[in-house]
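Residue-level structure breakdown
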Amino acid sequence: MNVDIITRDDLEKFKKELLEEIRKFQQYPRKQGQEERIWLKSYEVRKLLSISAGTLQNLRINGTLPYNKIGGLMYYRYEDIQKLMNGVNNIK
C-alpha cells in the first residue's frame, strides 16, 4: 500500500490552483475591490439615482423601471437602471 503525506504547503498550493480555475469560469468577473452586480435592491437603486422611496415606487407603478419581487424585496436589473439614466424609453 502506497501512502502519500500531504503537507500544509501542498494544501495551500492546491487552494491557489483551485481558486485560479474557478475564476477562469466566472461569468461576471469582479473588479479589484468592487463587486459587479446584476440585481440591485431598492435601497441601492435609491442611493444610485438619488431618489426617494416614493419616486422609486412611482417608477415601478408607471412601468418606467421594471422589477422583480421576491419575498417582499424588490430587485432591479442594473442594466435597466443604466438604460433609464441614458434616457432609453423602452426598457422592457
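The rules behind each value
- Residues numbered from 1 in each chain as written.
- Predicted model: local features only at pLDDT ≥ 70, side-chain atom pairs only at ≥ 80, totals over all residues.
- Heavy atoms only, no water.
- Axes fitted to C-alpha atoms, helices over the stretch in contact; angles between N-to-C directions.
- Helix = DSSP H or I, 4+ residues; strand = E, 2+ residues; numbered from the N terminus.
- Parallel < 35°, antiparallel > 145°, perpendicular 65-115°, else oblique.
- Left-handed = near helix turned anticlockwise from the far one by under 90°.
- Contact = heavy atoms within 4.5 Å.
- Nonpolar A, V, L, I, M, F, W, Y, C, P; charged D, E, K, R; others polar.
- Pairing = 2+ DSSP bridges.
- Buried < 20%, exposed > 50% of the residue type's maximum accessible area, 1.4 Å probe, protein only.

- If you look the protein up in an unreviewed UniProt entry, it shows as DNA-binding protein from Flavobacterium humi.

Details of the packing of helix α2 (residues 42-49) against helix α4 (residues 78-85)
- Two numbers describe how α2 lies on α4: the axes approach to 12 Å, and their chain directions differ by 25°. Relative to α4, the element α2 lies roughly parallel. Considering the relative orientation of α2 and α4, their crossing is right-handed. Taking contact as the criterion, the partners of Val45, Leu48 and Leu49 in α2 are, on α4, Tyr78, Ile81, Leu84 and Met85.
- Here the contact of α2 with α4 is composed, by residue class, of seven nonpolar, no polar and no charged.

A closer look at the sheet that holds strand β2 (residues 68-70)
- Read across the sheet, three strands follow the order β1-β3-β2 without closing on themselves; strand pairing throughout is antiparallel. What marks the edges here is a single partner per strand, and that holds for β1 (39-41) and β2. Geometrically, the sheet is characterised by an average inter-axis angle of 40° between neighbouring strands, direction not taken into account.
- In this sheet, strand β3 (residues 73-77) lies alongside β2 in antiparallel orientation, the contact comprising three bridges.

A closer look at unusual backbone geometry
- Phi is positive for Ser50, which is not a glycine, with a value near 55°.
- Structurally, Ser50 can be placed in the loop between α2 and α3 (53-61).
- Since its relative accessible area comes to 67%, Ser50 is described here as exposed.

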